[in-house]
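This is what each chain is made of:
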Amino acid sequence: MTDLATIAERLDQAATSRTVTPQFGADAGLDVPTAYRIQEAVVAHRTARGERLVGLKLGLTSRAKMAQMGVDEVIWGRLTDAMAIADGGTISLADHIHPKAEPEVAFLIGGGTIAAVAPAIEVIDSRYVDFRFTLPEVIADNTSASGFVVGAWQPVPAGIDNLGVLLEVDGRTVQIGSTAAILGDPRRALAEAVRLAAADGVELTDGSVLLAGAATAAVPLKPGAHVRAVVESLGAASLKVTP
Ligand code: OOG
Ligand code: MG
């Protein structure tokens, strides 16, 4: 089996150099618990460079995403302050490999519960060739985490379990979904994240952000694109893409 530290090093290198790495393949003998240990080591490279953990994300919480990525288990990853993109802010394609955007709902954790909610966009950027991976491989790659935009925080509205979600590119709707696609009710993301992270000794502390998971499939980002995620009753979050 390939050494965990070596795999973590390779994934970190791929991210910092913006070049893909091949999948590790069956010889690496990766299983899910090992993959989470690699993820921890990958993110430790970031914190060693001064990044700070600010929250967690869930992935593959919707059928659309499971089908798109060909895997079928909820996964979680770590968010750092360096991944935060201002609402309406700009990202450069040159700083990424092959980024995609997906509309999400973000929760602010306070008092161990959901203190506020916001519309959000997650930018995912797999470090693997062609965005193809096995479940342990994507977990090791910090679940493709790259960036996230959070819109205005607000109280949890009535009907949060079934709000319309749109992803727009240059004013055109490219994906349509519902918050119901996120675990049947996005509020379930809190208990899921607490349970999954606790298994690895990680807590979702007050002030943390939790990305509940995409409500639709993800869309590749093109230079010049203006991307907006709109969540009914919550408003929008947006970002621009430069070459
Ligand atoms: C894995 C990350 C999935 C989500 O919201 O489902 C994810 C990937 O699709 O590369 O963030
Ligand atoms: Mg996501």
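Residues numbered from 1 in each chain as written. Chains lettered and ligands numbered in written order. Predicted model: local features only at pLDDT ≥ 70, side-chain atom pairs only at ≥ 80, totals over all residues. Heavy atoms only, no water.

Under an unreviewed UniProt entry, the protein chain has the name Fumarylacetoacetate hydrolase family protein and belongs to Polymorphospora lycopeni.

Student: What's the story with the sheet that holds strand β8 (residues 164-169) in this structure? I'm lost.
Tutor: Each strand in a sheet pairs with another by means of backbone hydrogen bonds, the pair being arranged parallel or else antiparallel. On the basis of which strands lie adjacent, the open sheet formed by five strands has the order β4-β13-β12-β8-β9 and mixed pairing. A single partner strand is all that each edge strand has here, and the edge strands are β4 (89-92) and β9 (172-178). Sheet twist, expressed as the average angle between the axes of neighbouring strands with direction ignored, equals 20°. (Pairing = 2+ DSSP bridges. Helix = DSSP H or I, 4+ residues; strand = E, 2+ residues; numbered from the N terminus. Axes fitted to C-alpha atoms, helices over the stretch in contact; angles between N-to-C directions.)

Student: How should helix α1 (residues 4-17) be read in this particular structure?
Tutor: An α-helix turns once per 3.6 residues; consequently, residues spaced three or four apart project the same way. Between the first and last C-alpha of α1 there are 20 Å, a value that for 14 residues agrees with the 20 Å anticipated at 1.5 Å per step. Structurally, α1 contributes buried residues whose contacts are with α2 (32-48) and α4 (135-140). Once α1 ends, the next one or two residues include Arg-18, with phi positive near 55°. (Expected span 1.5 Å × (residues − 1). Contact = heavy atoms within 4.5 Å.)

Student: Please explain the coordination of the magnesium ion (ligand 2) as it appears in this structure.
Tutor: Taken together, Glu-102 (OE), Glu-104 (OE) and Glu-122 (OE) make up the protein donors of the magnesium ion (ligand 2), found 2.0 to 2.1 Å from the metal. For the magnesium ion (ligand 2), the donor residues sit on a single chain with the sequence spacing E-x1-E-x17-E. Placement of the pair is Glu-104 in strand β5 (residues 100-110) and Glu-122 in strand β6 (residues 113-124), with a sequence separation of 18 residues. You'll find Glu-104 and Glu-122 in the same group, each marked buried. (Donors = N, O, S within 2.8 Å, 3.2 Å for Na, K, Ca; no water. Buried < 20%, exposed > 50% of the residue type's maximum accessible area, 1.4 Å probe, protein only.)

Student: Mind showing me how you'd approach empty space enclosed by the protein here?
Tutor: Summary: where empty space remains is shown by rolling a probe the size of a single water molecule over the atoms. Under the criterion given, the structure shown has two cavities of 30 Å³ or more. The volume enclosed by the largest cavity comes to roughly 130 Å³. What lines the largest cavity is a set of 18 residues, and nearest its centre among them are Lys-57, Leu-60, Lys-65, Ile-124 and Thr-143. Elements supplying a minimum of two residues to the lining of the largest cavity: β1 (53-59), α3 (63-69), β5 and β6. For the lining of the largest cavity, the element with the highest residue contribution is β1, accounting for three residues. Of the pockets and cavities examined, the second largest cavity occupies roughly 60 Å³. Residue lining of the second largest cavity: Leu-11, Asp-12, Ala-15, Val-42, Arg-46, Arg-127, Asp-141, Asn-142 and Ala-145, and that is the complete set. If you tally residues by element for the lining of the second largest cavity, the top one is α1, at three residues. Tallied by class, the residues present in the lining of the second largest cavity amount to four nonpolar, one polar and four charged. (1 Å grid on protein atoms, 1.4 Å probe; cavity = no way out; pocket = protein on both sides within 12 Å on 5 of 7 lines; lining within 4 Å. Points joined across faces, edges and corners; volume = space filled by probe spheres on them. Nonpolar A, V, L, I, M, F, W, Y, C, P; charged D, E, K, R; others polar.)

Student: So what exactly am I meant to see when it comes to the packing of α1 against α2 here?
Tutor: In helix packing, the relevant descriptors are the interaxial angle and the interaxial distance, both defined with respect to the helix axes. Contact geometry of α1 with α2 gives a least axis separation of 8 Å together with a crossing angle of 50°. By the criterion of interaxial angle, the relationship of α1 to α2 is oblique. In this structure, the crossing between α1 and α2 has a hand that is right-handed. Two secondary-structure elements touch here, α1 through Leu-4, Ile-7, Ala-8, Glu-9, Leu-11 and Asp-12 and α2 through Thr-34, Arg-37, Ile-38, Ala-41, Val-42 and His-45. Tallied by class, the residues present in the contact of α1 with α2 amount to seven nonpolar, two polar and three charged. (Parallel < 35°, antiparallel > 145°, perpendicular 65-115°, else oblique. Left-handed = near helix turned anticlockwise from the far one by under 90°.)

Student: Would you mind going over the layout of surface pockets with me for this structure?
Tutor: Put simply, the largest pocket is a space of about 400 Å³. Of all elements in the fold, only α1, β3 (84-85), β4 and β7 (145-150) reach the threshold of two or more residues within the lining of the largest pocket. Tallied by class, residues from the lining of the largest pocket come to seven nonpolar, five polar and eight charged.

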